[in-house]
Structure formats: structure tokens, C-alpha cells
Amino acid sequence: MEPSTKTRVLFVCLGNICRSPAAEGIFRAIVESRGAAGRFEIDSAGIGNWHVGQLPDKRMRVHAARRGLDLTHRARQVRPDDFDRFDLIIGMDAGNISDLRALAPSPEAEAKIRPMASWVRTLATRYDHIPDPYYEGAEGFELVLDLLSDACSALFDTLNS
């Protein structure tokens, strides 16, 4: 594989229809708004294959659209080559992190895995993970978008410091 000058970031949740595509969309918007789009490759994936090919959950798309985000990613499952392709693989909760570690083909690949909550600043005392809003109401989706907005901003700052 040819070395890349881009920082390659993969966001991962369980099915790739709520949290990870939202993180992808938020991070992409931050990167673009700060004039750094050419310096990043951004994608998202799911641990499971239940929703492969589907758009993000309609409720997440509606809440994201209210914030000016158009989530058009099509769900896909984490692939073995993702561990070679990406520099940073970010799981949304402890279950995702555990599953990613089990999939990692080497210690070097496993070292790329990080929890999204490690970048949460404003609500860090209350959340050590990004909760799955799938079975929640509107407030669950709004909370996830708030947490991801905060964490993605901090992630951008960390990668550019």
C-alpha cells in the first residue's frame, strides 16, 4: 500500500445507521468548514451486516438535517482491509471497541482503535461512550448529535495540534 499524506479516519458503530454515519457527517462538515478537506479521508462502517446498503436511520437523518447535515452514507460492514487502510478506527462504545479488537489482525492494527468518548469534552463527566439512540426518542438522537459534535471538534483539534 502506498503511503498516504491524508489522515484516514473510520467511525464504527453496531449497524452503521445511527452513530457512525452521524460522526462521519459531522467530522466531514468540521473538516470542510476549516479548509482541511484535502487532508482527510473519512468513512464509517458497522460491526454487523444487518443494514448493508441502507441509508442512515431516517430519524438520524431528520435530526442531522436540522443541524445542516445531509447524511447520505450507505451502510457497510467493517472489512479486514480497513485495518490497513485507516490510521484511526473509532468505536462508539465498549462493545464496538471489543468487537474491533477481536477483528484486528495484528497488534499494530489493534493500536489504531480508539473510543469516540475519549474526545468528548463538555459532557465527559456523564458519558464514557456514545449511547445508541436506535431505541430512543428524539432526545436520544439529539444527545448523540451533541456528543458527536463535541467529540469530532476535539478530534479535529487533536489531529491538527
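See above for the structure.
Per chain, residues are indexed from 1 in the order of the written sequence. Where local features are concerned, this predicted model is filtered to residues with pLDDT of at least 70; where side-chain atom pairs are given and counted, the filter is 80 or more; whole-chain, interface and lining totals use all residues. Based on all heavy atoms of the structure, the side-chain values leave hydrogens and waters out of the count.

(A) Looking closely at the pairing of strand β2 (residues 40–46). Summarising burial for β2: six of the seven residues are buried, a large majority. Criterion used throughout: strands pair if DSSP finds at least two bridges between them. The numbering of helices and of strands both runs from the N terminus, where a helix is a DSSP run of H or I of at least 4 residues and a strand a run of E of at least 2. Where strand β1 (residues 7–13) and β2 come together, seven bridges link them in parallel fashion. By the bridge assignment, Leu 10 is partnered in β2 with Asp 43. In this view, the connection linking β1 to its parallel neighbour β2 by way of helix α1 (residues 19–33) has right-handed handedness. Think of it in three bands: with a 1.4 Å probe and only protein chains considered, a residue is buried below 20% of the maximum accessible area for its type, exposed above 50%, and partly exposed in between. Every crossover in which the path from the first strand over the helix to the second runs clockwise, viewed with the strands pointing away from the viewer, is termed right-handed.

(B) Local environment of the side chain of Asp 150. The topology assignment puts Asp 150 in helix α6 (residues 138–159). The class of Asp 150 is buried, set by a relative accessible area of 11%. From its side chain, Asp 150 meets the backbone nitrogen of Thr 122 in a polar contact 2.8 Å long. By the criterion applied in these results, polar contacts are pairs of N or O atoms within 3.5 Å in which, for protein atoms, one can donate a hydrogen and the other can accept it, and in which residues neighboring in sequence qualify only through two side-chain atoms.

(C) How the structure looks around helix α2 (residues 58–65). Three or more residues of α2 are buried, namely Met 60, His 63 and Ala 64. Buried residues of α2, viewed axially, fall in a sector of 100 degrees; they line one side. By definition, residues are in contact when any of their heavy atoms lie within 4.5 Å. In this fold, the buried residues of α2 make contact with α1 and α6. Where α2 begins, the capping side chain belongs to Asp 57, and its oxygen is found 2.8 Å from the backbone nitrogen of Arg 59. Each direction from the helix axis to a C-beta atom contributes to the arc, which is the arc of those directions.

(D) Geometry of the state of the cysteines. Note on terminology: pairs of cysteine sulfur atoms within 2.5 Å are recorded as disulfides. Applying the stated rule across the entire model yields zero disulfides. Cys 13 forms no disulfide, and the closest cysteine sulfur to it belongs to Cys 18, at a distance of 6.7 Å. Classification of Cys 13 as buried rests on a relative accessible area of 3%.

(E) Spotlight on the sheet that holds strand β4 (residues 113–115). With parallel pairing, four strands are arranged side by side in an open sheet as β2-β1-β3-β4. In this open sheet, the two strands that pair with only one neighbour each are β2 and β4. Adjacent strand axes in the sheet meet at a mean angle of 25 degrees when their direction is disregarded. Inspection of the sheet shows strand β3 (residues 88–91) paired to β4 by three bridges, in the parallel sense. Here an angle of 0 to 180 degrees is reported between the N-to-C directions of two axes, which are lines fitted to C-alpha atoms, with helices fitted over the stretch in contact.

(F) Summary view of the packing of α2 against α6. Packing of α2 against α6 leaves a shortest axis separation of 10 Å and a crossing angle of 60 degrees. Comparing the axis directions of α2 and α6 gives the class oblique. By crossing handedness, the relation of α2 to α6 is classed as right-handed. Contacts between α2 and α6 involve Arg 59, Met 60, His 63 and Ala 64 from the former and Ala 138, Phe 141, Glu 142, Val 144 and Leu 145 from the latter. Of the residues in the contact of α2 with α6, the class split is six nonpolar, one polar and two charged. Angles are sorted into four bins: roughly parallel if under 35 degrees, roughly antiparallel if over 145, roughly perpendicular if 65 to 115, and oblique for all others. Each crossing gets its hand from how the near helix is turned against the far one by less than a right angle, where anticlockwise is left-handed and clockwise is right-handed. Residues are grouped as follows: nonpolar covers Ala, Val, Leu, Ile, Met, Phe, Trp, Tyr, Cys and Pro; charged covers Asp, Glu, Lys and Arg; every other residue, Gly included, is treated as polar.

(G) The arrangement of the packing of aromatic side chains in detail. Two aromatic rings, drawn from Phe, Tyr or Trp (for Trp, its six-membered ring), form a pair once their centres lie within 6.5 Å of each other, and the interplanar angle then sorts them: stacked below 30 degrees, edge-to-face above 60, tilted otherwise. All told, the structure shown has four aromatic pairs when counted by the stated rule. Arranged with centres 5.4 Å apart and planes meeting at 90 degrees, the rings of Phe 27 and Phe 40 form a pair that is edge-to-face. One end of the pair, Phe 27, is in helix α1; the other, Phe 40, is in strand β2, and 13 residues separate them in sequence. Phe 40 carries the same exposure label as Phe 27, and that label is buried. Arranged with centres 4.8 Å apart and planes meeting at 85 degrees, the rings of Tyr 134 and Tyr 135 form a pair that is edge-to-face. An aromatic cluster of three or more residues is present, and its members are Phe 11, Phe 27, Phe 40 and Phe 156. Taking NZ or CZ as reference, Arg 59 lies 5.2 Å from the ring centre of Tyr 134, over its face. Our definition puts a charge over a ring when NZ of Lys or CZ of Arg is within 6 Å of the ring centre and also within 35 degrees of the ring normal.

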